[in-house]
Amino acid sequence: MNTLFFSPGACSLASAIALAESGLPYRLQRVKFADNEQRSPEYLKLNPNGRVPVLVTEKGALSENVAILSYIAQMAPDAKLAPLDDPFAFARMQAFNTYLGGTVHVAYAHKRRGYRWADSQPALDDMAAKAPQNMRDCFTLIENEHLTGPWVLGETYSVADAYLFTLTDWLSGLGIDKADFPRVADHYDRMRARPGVQRALAEHEAG
Ligand SMILES: N[C@@H](CCC(=O)N[C@@H](CS)C(=O)NCC(=O)O)C(=O)O
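Residues numbered from 1 in each chain as written. Predicted model: local features only at pLDDT ≥ 70, side-chain atom pairs only at ≥ 80, totals over all residues. Heavy atoms only, no water.

## With respect to the packing of helix H1 (residues 12-22) against helix H6 (residues 159-168)
Applicable threshold: The axes used here are C-alpha line fits, helices contributing only the stretch in contact, and every angle between their N-to-C directions lies in the interval 0 to 180 degrees. Helix and strand assignments come from DSSP, with helices taken as H or I runs of at least 4 residues and strands as E runs of at least 2, each series counted from the N terminus. Throughout, a crossing is termed right-handed when the near helix is turned clockwise from the far one, and left-handed when it is turned anticlockwise from it by less than a right angle. Whether two residues are in contact is decided by their heavy atoms: any pair within 4.5 Å suffices. Side-chain classes follow a simple rule in which Ala, Val, Leu, Ile, Met, Phe, Trp, Tyr, Cys and Pro form the nonpolar group, Asp, Glu, Lys and Arg form the charged group, and the remainder, Gly included, forms the polar group.
With their axes 8 Å apart at the nearest point, H1 and H6 run at an angle of 140 degrees to one another. The hand of the H1/H6 crossing is right-handed. From H1, Leu-13, Ala-14, Ile-17 and Ala-18 reach across to H6, where they touch Val-159, Ala-162, Tyr-163, Phe-165 and Thr-166. A class-by-class count of the residues in the contact of H1 with H6 yields 8 nonpolar, 1 polar and no charged.

## Digging into the environment of Phe-5
One can find Phe-5 in strand E1 (residues 2-6). Separated by 24 residues in the primary sequence, Phe-5 and Gln-29 have C-alpha atoms spaced 4.7 Å apart.

## Comments concerning the domain arrangement of the protein
Spelled out, the test is: For every domain, the bounds stem from an assignment made automatically or drawn from a database. As a working definition, buried area equals the accessible area (1.4 Å probe) given up by two parts on being put together, with both sides summed.
Taken domain by domain, the protein comprises domain 1 (2-80 + 197-206) and domain 2 (87-194). Just the C-alpha atoms count here: the centres of domain 1 and domain 2 sit 19 Å apart. With 20 residues of domain 1 at the contact, the number on the domain 2 side is 18 residues. A buried area of about 1600 Å², summed over both sides, lies between domain 1 and domain 2, and 63% of it is on carbon and sulfur atoms.

## Considering the sheet that holds strand E3 (residues 54-57)
Our working rule: Here, strands pair whenever DSSP counts at least two bridges between them.
The 4 strands lie next to each other as E2-E1-E3-E4, forming an open sheet whose pairing is mixed. In this open sheet, the two strands that pair with only one neighbour each are strand E2 (26-30) and strand E4 (60-63). On average, each strand axis in the sheet is tilted by 20 degrees relative to the strand beside it, whichever way the strands run. Sitting on the sheet, H1 is in contact with E1, E2 and E3, with an inclination near 150 degrees to E1. Its contacts with the sheet put helix H3 (residues 65-75) on E1, E3 and E4, and the angle it makes with E4 is roughly 120 degrees.

## Brief notes about the packing of aromatic side chains
Put simply, the rule reads: Classification of ring pairs uses Phe, Tyr and Trp, with its six-membered ring standing for Trp, and accepts pairs whose centres are within 6.5 Å; under 30 degrees between planes counts as stacked, over 60 as edge-to-face, and the remaining range as tilted. In this scheme, the term charge over a ring applies when either NZ of a lysine or CZ of an arginine sits within 6 Å of the ring centre and within 35 degrees of the ring normal.
Enumeration according to the criterion identifies 5 aromatic pairs in this entry. We note Lys-178 situated over the ring of Tyr-188; from NZ or CZ to the ring centre the distance is 4.4 Å. The aromatic ring of Trp-151 is capped on one face by Arg-190, whose charged end is 4.8 Å from the ring centroid.

## A few points about unusual backbone geometry
A cis amide bond links Val-52 to the next residue, Pro-53, at an omega of 0 degrees. The topology assignment puts Pro-53 in the loop between helix H2 (41-46) and E3. With an omega dihedral of 0 degrees, the bond running from Gly-149 to Pro-150 counts as a cis peptide bond. Relative to the helices and strands, Pro-150 resides in the loop between helix H5 (121-146) and H6.

## Considering the site of the ligand
Counted only if it meets this: Note on terminology: near, applied to a residue and a molecule or strand, indicates that one of the residue's heavy atoms is within 4 Å of it. Here a polar contact is recorded for every N or O atom pair within 3.5 Å, except that within protein the pair must consist of a potential hydrogen donor and a potential acceptor, and residues adjacent in sequence are included only if both atoms are side-chain atoms. Using a 1.4 Å probe, the Shrake-Rupley method yields the accessible areas, and only the shown protein chains count as cover for residues. Each cavity reported here is a set of points on a 1 Å grid over the protein atoms alone in which a 1.4 Å probe fits but cannot get out, each pocket an open set with protein on both sides within 12 Å along at least five of seven lines, and each lining residue one with an atom within 4 Å of a point. In this description, a molecule resides in a pocket or cavity if more than half of its atoms sit within 2 Å of the grid points defining it.
What surrounds the ligand is a group of 15 residues, the closest being Gln-38, Val-52, Glu-64, Asn-65 and Arg-116. Taking Gln-38, its side chain carries an N or O atom lying 2.8 Å from an oxygen atom of the ligand. Contacts to the ligand include Asn-65, whose backbone N or O atom sits 3.0 Å from an oxygen atom. In the complex, the protein chains occlude 91% of the 520 Å² of accessible area that the ligand would expose alone. When atom positions are compared with the pocket grids, the ligand is found to occupy the largest pocket. Here the shell around the ligand spans two domains, since at least three of its residues come from each of domain 1 (2-80 + 197-206) and domain 2 (87-194).

## Some words on the layout of surface pockets
In plain terms, the rule: Grid points are joined across faces, edges and corners, and a volume is the space filled by probe spheres set on the points.
Looking at the largest pocket, its volume works out to about 720 Å³. Residue lining of the largest pocket: 33 residues in total, with Cys-11, Arg-51, Val-52, His-105 and Arg-116 positioned closest to the centre. Among the secondary structure elements, those contributing two or more residues to the lining of the largest pocket are H3 and helix H4 (87-112). Among the elements that make up the lining of the largest pocket, the one with the highest residue count is H4 (8 residues).

Now the structure itself:
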């Protein structure tokens with residue numbers, strides 16, 4: 001059975017939603033950030049990057065949401081979580097997910113985890129101050145260019161929607177009102193209404 005290592009409030013929610021919607025059996029294992037468990041020797045054996053999520057599968061451990069999301073979608077074809085029979089649409093999904101993981105998530109991290117990139121307090125303060133504007137720029141692009149709707153890929157729901165929902169949920173932590181992005185806000189509300197999303201939220205936050 002798959003085991004997802006997660007932390008409440010973290011980006012692991014995207015993978016948790018995909019699992020909840022997949023119909024695959026799974027277990028959840030909380031990683032306690034307060035105890036720095038993500039840096040423990042046992043955890044680093046699963047993911048040397050020291051981050052959540054990790055999905056432990058029958059073949060071994062997988063890290064990175066982009067990889068975990070596409071793996072779950074491919075392991076559960078009946079759940080229709082990705083356009084598995086259309087290589088171009090699948091690649092578009094991967095392009096969007098890579099943008100979320102490689103650009104949007106990193107823009108957000110400059111607020112709370114600036115120590116990854118700088119040591120001096122003025123540099124940390126600068127990065128934290130710039131994070132909301134960078135996130136606004138990212139979500140403006142998502143609103144105007146990517147989210148043609150109703151889903152990220154248009155008419156076809158996919159794991160990209162779970163990932164977008166997860167990062168949209170972080171906007172309020174930066175003082176950004178998602179209502180400034182009407183398509184994104186509408187997408188968020190429709191995601192929240194999905195039973196799999198509600199299950200994942202409940203399990204993820206209960207920890
Ligand atoms: N690109 C990675 C990012 C993973 C990541 O940064 N996870 C954060 C939580 S959102 C984490 O584990 N942080 C713990 C730390 O930095 O010590 C992915 O999408 O899986």
